[in-house]
Amino acid sequence: MTRVSMLYDMQACVRCFACSVQCGIENRARLARDGRGNTEKVLADRRPELRYIFPILRVGGTFPTAMPVTELRHCMHCENAPCARRCPAAAIEVKPYGVVVLHEEKCIGCRACLEACPFDVPNFNAKFGKTYKCFMCYDRIEAGLSPACVEACLAKALYFGTREEVLEEAYRRAENYEKHLGEKFQVYGAEKVSDATGYLHWVTVGPAAYLEDYALRPGAERGQIEALDAVRTIGWVLFGASAAGIIGHFLYSLGKEEQE
Amino acid sequence: MQEIQTFNRFQRTFHMHYLHFMFVFFLTGLPQVAPHAFRWLLYFFWIPFTWFSPETTYLSGGMKVAMVFHRLAGLGLIVYAIPFALREIKNMASWQIWPEGGMAEGIRELLKHYIGFKPANFGKYNIGQKFLAWTTIVTTAIMIVTGCILMFKDAFEPNTWRWARFFHDVGFFIFLVILPIHIYMALHPLNRKGYRAMFETGTFPEEYVKTHHPKWWGKLQRKL
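Chain B appears in an unreviewed UniProt entry as Molybdopterin oxydoreductase, cytochrome b subunit gamma from Thermosulfurimonas dismutans. Entered under Subcellular location (unreviewed entry) in the UniProt record, the comment concerning chain B runs "Cell membrane".

In the nomenclature of an unreviewed UniProt entry, chain A is known as Molybdopterin oxydoreductase, iron-sulfur subunit beta of Thermosulfurimonas dismutans.

Below, the structure written as structure tokens:
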């Protein structure tokens, strides 16, 4: 299977959040499908963590130029997925087609992924002791369908396809907006955004000037995450050096006696 | 032959049990610090646990057991380290790990002993041991503080967890680098008397102190 990607187009989005609603419905349908309660039960339970794509409301800027900003929070499906690298229980799997899947039944609730994620995506539910995040409806993808949120989007602001198709569409849209709006547009995630994450399988098209307001950091660095990766590399190198020194001194010592 | 006390009983038992705690910390911590390389360790924690929880896998069940052991060992170390630290602080005046004679001389004597295989002009501890002692004290403190933050995550912000995880890893790698050297030096034939003092008698023969630790001998003479 070739690599797949999602596209979120900030300009086309009409802020109806049908994607978020549909995501919650789809995940409840999955619970019913997996025999974890009948339809009434799974719909009656309040499970906010089952909406893997959801709006976060905040205000950007300061008075008098302040404006409400709605960030659409969802998993970015990073190329290098720091969460998958850190998960001690191997509950996070990176599919060969690029989707990062958190298997709920393997999760031990240690929250290492929360620490690892530069986008604050994984959502921990203390009641179940499990962490939840978007898996891009990998079951639907494998069955040849689009993810649920894409199906729900009435403005075609969400677009799903192979990576090539999605990047082509993203650049086409960005170019079109630039031409008509006279503003610079960026395709966020098409290229590497940080050392820890690599490129993203969920790319975002938006006006370059506002990307940061929507919590899309052009260099998605987060000091501690990059520093932890660095210390883990340097640490093993130093351990190798110390082991080499020990072996060297041991060989040097062979056959030698202490002189009085 | 007369013997001179080198380590008291509390120091020797604390050292011994710190060794046991370290063993548990490493076995249960490695699958967390390098999951892809050391996950297989979890299998051994999981096997007895399957009897209680047959639906788990070696990854989920084993990791949970490992984390519980890691925390219990941490708790044990903290409980044990407090009286030890208090007693050592009380006896701070007799510590032998303060710098003496300068860096260059310290390294020269170290090379004389370990490369030249000749008795060198050491105090009770050589410069390497002093460095090790201070590093261990500081790193243990870092590990306890950051470990408590990671153990009681709910009381802190994710950004604090990230810094705590970073320094917990820094501490781990400091131990990973210095402990093999410490163990190798302890087992080296040049240091047989040191090994005997720590694990068997707690004492050095007087003659050995005169020849191998002349600076310390001088101090002991002045004290008498």
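On we go from here.
Undergrad: Would you explain the overall build of chain B in this entry?
TA: Secondary structure summary: chain B contains 10 helices and two strands in total. Of the regular secondary structure in chain B, the N- to C-terminal order runs β-α-α-α-α-α-α-α-α-β-α-α. C-alpha extents for chain B along the principal axes are approximately 65 × 35 × 30 Å. Taken over 224 residues, chain B has a buried fraction of 46%. Across chain B, contacts joining residues at least 24 apart in sequence account for 66% of those joining residues at least 6 apart. Of the roughly 12,400 Å² of accessible surface on chain B, 71% is carried by carbon and sulfur atoms. The positive charge centre, built from 23 side chains, and the negative charge centre, built from 12, are 3 Å apart in chain B.

Undergrad: Sorry if this is basic, but what is going on with the overall build of chain A here?
TA: Looking only at helices and strands, chain A features eight helices and 10 strands. For a compact globule of 260 residues, the expected C-alpha radius of gyration is about 18 Å, and chain A comes in at 23 Å, more than 25% above that figure. A principal-axis box enclosing the C-alpha atoms of chain A has dimensions of 90 × 50 × 45 Å. Relative to its full complement of 260 residues, chain A shows a buried share of 53%. Considering only intrachain contacts with a sequence separation of at least 6, the fraction spanning at least 24 residues in chain A is 62%. Charged side chains in chain A number 32 positive and 33 negative. The centres of these two groups are separated by 6 Å.

Undergrad: What is the right way to read the packing of helix 3 (residues 42-49) of chain B against helix 4 (residues 60-90) of chain B from this model?
TA: For any two helices packed against each other, the geometry is given by the interaxial angle and the distance between the axes. Residues and elements named next belong to chain B. For the pair helix 3 and helix 4, interaxial distance at closest approach is 7 Å and the crossing angle is 95°. By the angle between their directions, the pair helix 3 and helix 4 is classed as roughly perpendicular. Between helix 3, through L42, F45, W46 and F49, and helix 4, the contact on the second element is made entirely by G61, G62, M63, V65, A66 and F69. Looking at the contact of helix 3 with helix 4 residue by residue, the class counts come to eight nonpolar, two polar and no charged.

Undergrad: I would appreciate a short explanation of the UniProt feature "transmembrane region" (unreviewed entry) in chain A in the present structure.
TA: The UniProt record marks residues 234-254 of chain A with the feature "transmembrane region" (unreviewed entry), using the residue numbering of this structure. The straight-line gap between the two end C-alpha atoms of residues 234-254 of chain A is 31 Å; of that span, 95% is helix and 0% is strand.

Undergrad: Just checking my understanding: could you explain the packing of aromatic side chains for this structure?
TA: How two aromatic rings sit relative to each other is set out by the distance from centre to centre and by the angle between their planes. One pass over the structure, following the stated rule, counts 29 aromatic pairs over all chains. Here F14 of chain B and Y18 of chain B contribute two aromatic rings whose centre-to-centre distance is 5.8 Å and whose plane-to-plane angle is 50°, an arrangement assigned as tilted. Pair noted here: F14 of chain B and Y18 of chain B are both in helix 1 (residues 9-33), with a separation of four residues, about one helical turn. For F14 of chain B, a relative accessible area of 8% translates into the label buried. By relative accessible area, which is 12% here, Y18 of chain B ends up buried. Measuring from centroid to centroid gives 5.2 Å for F14 of chain B and Y80 of chain B, while their planes differ by 65°, and the two rings are edge-to-face. With F14 of chain B in helix 1 and Y80 of chain B in helix 4, this residue pair connects regions lying 66 residues apart in the sequence. Three or more aromatic residues link up through ring pairs in this structure, and these residues are W236 and F239 of chain A together with F26, F38, F172 and F173 of chain B. For the cation-ring pair, R111 of chain A lies above F124 of chain A, with the distance from its terminal atom to the ring centre recorded as 4.3 Å.

Undergrad: Looking at this structure, how should I read the sheet that holds strand 8 (residues 158-162) of chain A?
TA: By way of backbone hydrogen bonds, the strands of a sheet pair with one another, either parallel or antiparallel. Residues and elements named next belong to chain A. If you walk across this open sheet you meet the four strands as 8-1-10-9, and the pairing is mixed. Two strands close off the open sheet at either side, each with one partner strand: strand 8 and strand 9 (185-188). When the angles between neighbouring strand axes are averaged without regard to direction, this sheet yields 20°. Strand direction decides the pairing type here: strand 1 (residues 4-9) and strand 8, joined by five bridges, are antiparallel. Residue pairing for strand 8: S5 is matched across the bridge by G161. Its contacts with the sheet put helix 7 (residues 163-181) on strand 1, strand 8, strand 9 and strand 10 (202-207), and the angle it makes with strand 8 is roughly 140°.

Undergrad: Looking at this structure, I do not really get the interface of chain A and chain B. What am I missing?
TA: Contacts between chain A and chain B engage 38 residues on the former and 43 residues on the latter. Carbon and sulfur atoms supply 63% of the area that chain A and chain B bury against each other, a total of about 3,500 Å² over both sides. In this structure, the connection of chain A to chain B is made through five salt bridges. At the surface where chain A touches chain B, the tally comes to 20 residue pairs in polar contact (both at pLDDT 80 or more). Contributions of two or more residues to the side of chain A that touches chain B are made by helix 3 (82-86), helix 4 (112-116) and helix 8 (223-253) of chain A. Residue contributions to the side of chain A that touches chain B peak at 16 residues, all from helix 8 of chain A. Partitioned by chemical class, the residues of the side of chain A that touches chain B number 20 nonpolar, six polar and 12 charged.

Undergrad: What is the right way to look at the domain arrangement of chain A in this model?
TA: Reports often express the size of an interface as the amount of accessible area lost when the parts come together. All names here are of chain A. Segmentation of chain A into domains returns domain 1 (4-221) and domain 2 (224-252). Using C-alpha coordinates to define each centre, domain 1 is positioned 37 Å away from domain 2. With 10 residues of domain 1 at the contact, the number on the domain 2 side is five residues. Contact between domain 1 and domain 2 buries roughly 580 Å² in total, counting both sides, with carbon and sulfur atoms accounting for 47%. Applying the counting criterion to the domain 1 and domain 2 interface returns two salt bridges. Among the ionic pairs, R85 bridges to D229, the shortest N-O distance being 3.3 Å. The tally of links from domain 1 across to domain 2 stands at four residue pairs in polar contact (both at pLDDT 80 or more). The set of elements that each furnish at least two residues to the side of domain 1 that touches domain 2 consists of helix 3 and helix 4. Per-class residue counts for the side of domain 1 that touches domain 2 are four nonpolar, one polar and five charged.

Scoring rules and cut-offs
Residues numbered from 1 in each chain as written. Chains lettered and ligands numbered in written order. Predicted model: local features only at pLDDT ≥ 70, side-chain atom pairs only at ≥ 80, totals over all residues. Heavy atoms only, no water. UniProt positions renumbered as here; feature names shortened; annotations may be inferred. Helix = DSSP H or I, 4+ residues; strand = E, 2+ residues; numbered from the N terminus. Buried < 20%, exposed > 50% of the residue type's maximum accessible area, 1.4 Å probe, protein only. Contact = heavy atoms within 4.5 Å. Areas by Shrake-Rupley, 256 points an atom, 1.4 Å probe, with all protein chains shown as cover. Lys, Arg positive; Asp, Glu negative; His and termini not counted. Charge placed at Lys NZ, Arg CZ, Asp CG, Glu CD. Rg over C-alpha atoms; globule rule 2.2 N^0.38 Å. Axes fitted to C-alpha atoms, helices over the stretch in contact; angles between N-to-C directions. Parallel < 35°, antiparallel > 145°, perpendicular 65-115°, else oblique. Nonpolar A, V, L, I, M, F, W, Y, C, P; charged D, E, K, R; others polar. Phe/Tyr/Trp six-rings, centres within 6.5 Å; stacked < 30°, edge-to-face > 60°. Lys NZ or Arg CZ within 6 Å of the ring centre and 35° of its normal. Pairing = 2+ DSSP bridges. Buried area = accessible area lost by both parts, 1.4 Å probe. Salt bridge = Lys/Arg side-chain N within 4 Å of Asp/Glu carboxyl O. Polar contact = N/O pair within 3.5 Å; in protein donor to acceptor, adjacent residues only side chain to side chain. Domains from an automatic or database assignment.

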